[in-house]
Amino acid sequence: MKNKNRFLVKFTVVTAMIGLFSPSVSMKPNAQALNSYSATLSQLSVSLLNTAEAQAQRSRANVRTSTRARPATRPAARPATRPATRPVNRNVNVNRNVNVNRNVNVNRNVNVNNRYYGGHGHGYGHYHGRAIVAFTSGLIIGSMVAASTMPATCTTVVANGISYRRCGSSYYQPFYQGDTLVYRVVASPY
Amino acid sequence: MELYKKLLSATGVVLLLAGTGLFAEEQSPKDIMKKAFEYIDSMDQYAFKAVIVDHEPTDDGKINKYRFDVSVKVDRPGKLRVDTKGYLRDRSNYLNNGVYTMMDHGFNYYGQLKTPETIDDALDYIFEKYGIRSPLAQLIYSNMHERAKFVTSKNFGTMMVDGIECDYIAFSNYLREVHIWVAKGDEPLVKAYSIIDKTGEDDYRINTSVTWDTHAQISDSDFVFRVPKGAEKISVQSAY
């Protein structure tokens, strides 16, 4: 009986020590690991769920030139003043046992086309290398005009079964360029 | 030490270690994503609504946000309806057994294409031939887990999204990061995701939150395009 009690005491002490020195006791966010991804938990959780603040900002449409295509003058590297580490919400429960598969699926020809990840293309873009521009008078025949910039004062006319918009003395034929609605400046159909 | 004592000690150690999480099995991000997309694949009919917010940094350091409200109905193998309202867009897309229709309500124009009959093949066709991207295609394709290719992945643990406990995982390749929140439990549905463009110096991103209706009342008439009064058909040309 005495031996059993001694064993139980030893067992309790040993298990308590193992529990005390267990690695999981010192769980805390691994800021270094998080920062290898460009977005932090705090940035994502706030911006993702706070969608109500999004605004249509239609008034900006006429000053935008191209949104989806990045400007060629954009610097290749991030600015030097950018902080080396980004803010991390240290109150977030983060699993330290991060799974990093660095050699999985290295196929650089896959998913380069935004098939699954693109936005909605709210910019003007290009058509066969030619820039799609905002509406203005005096455009030459063949010019491409963003549908969102067509004045509401233009009228619809149909000639030979084809629909056109007439703005002043100019005619514009609508069509879909991929999933973007655009107008092409055309000669008078009459 | 007697044998039973050794066994008892070993059992105690194992139980303690298991309790510390060292032996706890953690699902890999790829497994979580695969389960989520396989769950989508397992549904013949479903619907969801999504709020998409494009965050577009401007040259003066501000961020323009453009919101889109999207409603999706899927009836496999060949019927799809996507309605999008938002910034400069009020469009309905229909796929009905081999005919793809885009209808712009604000302009009263529509365009139609003949496509393969299944949703997967039709979405591939309109993208590859015409450059048409279907909104939220990643939640519509039946085999998205085979299509998504990334170099690295991470499991950030669990996080609450709209009151639902979710696995928070992320994937990255040299073009973009995708952060995904997948509901835990029997219905591993994608609750939200964020796509971050890595090709610029700023963090252009698209955030999407999803509300699922896996028991939606869906009828054939939901996928039938009826020409609105006065609407005119226009041509669809390739964007390439």
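Parameters and conventions
Residues numbered from 1 in each chain as written. Chains lettered and ligands numbered in written order. Predicted model: local features only at pLDDT ≥ 70, side-chain atom pairs only at ≥ 80, totals over all residues. Helix = DSSP H or I, 4+ residues; strand = E, 2+ residues; numbered from the N terminus. Buried ≥ 20, exposed ≤ 12 C-beta atoms within 10 Å, placed from the backbone. Contact = placed C-beta atoms within 7 Å. Pairing = 2+ DSSP bridges. Axes fitted to C-alpha atoms, helices over the stretch in contact; angles between N-to-C directions. Expected span 1.5 Å × (residues − 1). Arc of directions from axis to C-beta. Core = buried A, V, L, I, M, F, W, Y, C linked by C-beta atoms within 7 Å. pLDDT = per-residue confidence, 0-100.

**Student:** Would you take a moment to explain the overall build of chain B for this structure?
**Tutor:** Helix and strand content of chain B: 4 helices and 13 strands. In chain B, which comprises 240 residues, the share counted as buried stands at 45%. Considering only contacts within chain B whose residues lie at least 6 apart along the sequence, 45% involve residues at least 24 apart.

**Student:** Even after reading the chapter, I still don't get the pairing of strand β8 (residues 164-172) of chain B, so can you show me in this structure?
**Tutor:** Every regular strand shows the same layout, with side chains that alternate between the two sheet faces. Residues and elements named next belong to chain B. Taking burial as the measure, the 9 residues of β8 include 7 buried ones, the bulk of the element. Direction of pairing for strand β7 (residues 152-161) relative to β8: antiparallel, over a ladder of 8 bridges. Opposite serine 153, over in β8, you have phenylalanine 171 as the bridge partner. Taken together, the 7 bridges between β8 and strand β9 (residues 176-183) define a ladder with antiparallel strand orientation. In the strand pairing of β9, tyrosine 168 is matched with tryptophan 181. Joining the antiparallel neighbours β8 and β9 is a turn of 3 residues.

**Student:** I keep staring at the sheet that holds strand β11 (residues 205-213) of chain B and nothing clicks. Help me out?
**Tutor:** The pairing of strands in a sheet comes from backbone hydrogen bonds and takes either a parallel or an antiparallel form. Residues and elements named next belong to chain B. Strand order in the open sheet made by the 12 strands is β7-β8-β9-β10-β11-β1-β2-β3-β4-β5-β6-β12, with mixed pairing throughout. Edge positions in the sheet fall to β7 and β12 (232-233), since each has one partner strand and no second. Bridge analysis of strand β1 (residues 45-57) against β11 gives 9 bridges, and the strand direction is antiparallel. By the bridge assignment, alanine 50 is partnered in β11 with valine 210. Across the face of the sheet, helix α2 (residues 29-42) comes into contact with β7, β8, β9 and β10 (190-197) while running at roughly 115° to β8.

**Student:** Hey, could you run me through the environment of aspartate 162 of chain B in this one?
**Tutor:** All names here are of chain B. In this structure, aspartate 162 sits in the loop between β7 and β8. On the basis of neighbour counts, which here come to 13 C-beta atoms within 10 Å, the residue aspartate 162 falls in the partly exposed class. When the C-alpha atoms of aspartate 162 and threonine 211 are compared, they prove to be 9.7 Å apart, with 49 residues separating the residues in sequence.

**Student:** For this particular structure, what's the right way to read helix α3 (residues 119-130) of chain B?
**Tutor:** At 3.6 residues per turn, the α-helix brings residues three or four places apart onto the same side. Residue and element names in this part refer to chain B. Helix length check: α3 (12 residues) gives 16 Å between terminal C-alpha atoms against 16 Å at 1.5 Å per residue, within 8%. Those residues of α3 lying buried are Ile119, Ala122, Leu123, Ile126, Phe127 and Tyr130. The buried side chains of α3 occupy one side of the element, clustering within an arc of 125° when seen end-on. Close packing links the buried residues of α3 with β3 (79-86), β4 (89-96), β5 (99-104), β6 (109-114) and β13 (236-237).

**Student:** Where do I start with the nonpolar core in this structure?
**Tutor:** Buried together is how nonpolar side chains tend to be arranged in soluble globular proteins. Residue and element names in this part refer to chain B. The biggest cluster of nonpolar side chains holds 79 residues, and the ones touching the most others in it are Ile140 and Val182. Of all the elements, β1 adds the most residues to this core, at 7 residues. Not counting chain neighbours up to four residues away, the residues in contact with valine 182 comprise Ile32, Ala36, Cys166, Asp167, Ile169, Pro188, Val190 and Lys191.

**Student:** Explain α2 of chain B here, please?
**Tutor:** Taking 1.5 Å of rise per residue, 14 residues should cover 20 Å, and α2 of chain B covers 20 Å from first to last C-alpha, within 8% of that figure. The secondary structure elements touched by the buried residues of α2 of chain B are α4 (144-147), β7, β8, β9 and β10 of chain B.

**Student:** Looking at this structure, how should I read unusual backbone geometry?
**Tutor:** In terms of backbone geometry, most residues other than glycine have negative phi values and most peptide bonds are trans. All names here are of chain B. Looking along the chain, the bond that leaves arginine 76 and enters proline 77 is cis, with omega of 10°. Relative to the helices and strands, proline 77 resides in the loop between β2 (63-75) and β3. Positive phi outside glycine occurs at asparagine 97, with the angle close to 50°. For asparagine 97, the location among the structural elements is in the loop between β4 and β5.

**Student:** It is not clear to me how the environment of isoleucine 132 of chain B should be interpreted in this structure. Could you clarify?
**Tutor:** Relative to the elements of secondary structure, isoleucine 132 of chain B occurs in the loop between α3 and α4. Take isoleucine 132 of chain B: there are 24 C-beta atoms within 10 Å of it, and that puts it in the buried class. Expressed as a C-alpha distance, the spacing of isoleucine 132 of chain B and serine 238 of chain B, which sit 106 residues apart in the sequence, is 8.3 Å. Those residues within four positions of isoleucine 132 of chain B in sequence are excluded, and the remaining contacts are Gly178 and Asp179 of chain A together with Ile126 and Phe127 of chain B.

**Student:** Would you explain the confidence of the model for chain B in this entry?
**Tutor:** Detail in the predicted coordinates should be disregarded across regions flagged by low pLDDT. Residues and elements named next belong to chain B. Of the residues in chain B, 92% reach a pLDDT of 70 or more, and the chain-wide mean stands at 89. Per-element confidence in chain B ranges from a low mean pLDDT of 64 for helix α1 (residues 3-20) to a high of 97 for β5. Interface confidence in the predicted complex, given as ipTM, is 0.84; pTM for the same model is 0.70.

**Student:** What am I meant to see in the environment of arginine 76 of chain B here?
**Tutor:** All names here are of chain B. Of note, arginine 76 is situated in the loop between β2 and β3. In this structure, the C-alpha to C-alpha distance between arginine 76 and threonine 118, residues 42 residues apart in sequence, is 7.5 Å. Setting aside anything within four residues of it in sequence, one finds arginine 76 in contact with Asp44, Ile119 and Ser142.

**Student:** What exactly am I supposed to notice about the pairing of β4 of chain B here?
**Tutor:** All names here are of chain B. Along β4, 6 of the 8 residues are buried, which leaves the element largely enclosed by surrounding structure. Summarising the sheet, β3 and β4 pair through 8 bridges and their orientation is antiparallel. Note that in β4 the partner of glycine 86 across the bridge is arginine 89. Taken together, β3 and the strand that follows it, β4, pair antiparallel across an intervening segment of 2 residues, in which leucine 88 is found at a positive phi of about 55°. Relative to β5, β4 runs antiparallel, the two sharing 5 bridges. Within β5, the position partnered with serine 92 by the bridge is methionine 103. In this antiparallel pair of consecutive strands, β4 and β5, the connection spans 2 residues, and asparagine 97 shows a positive phi of 50°.

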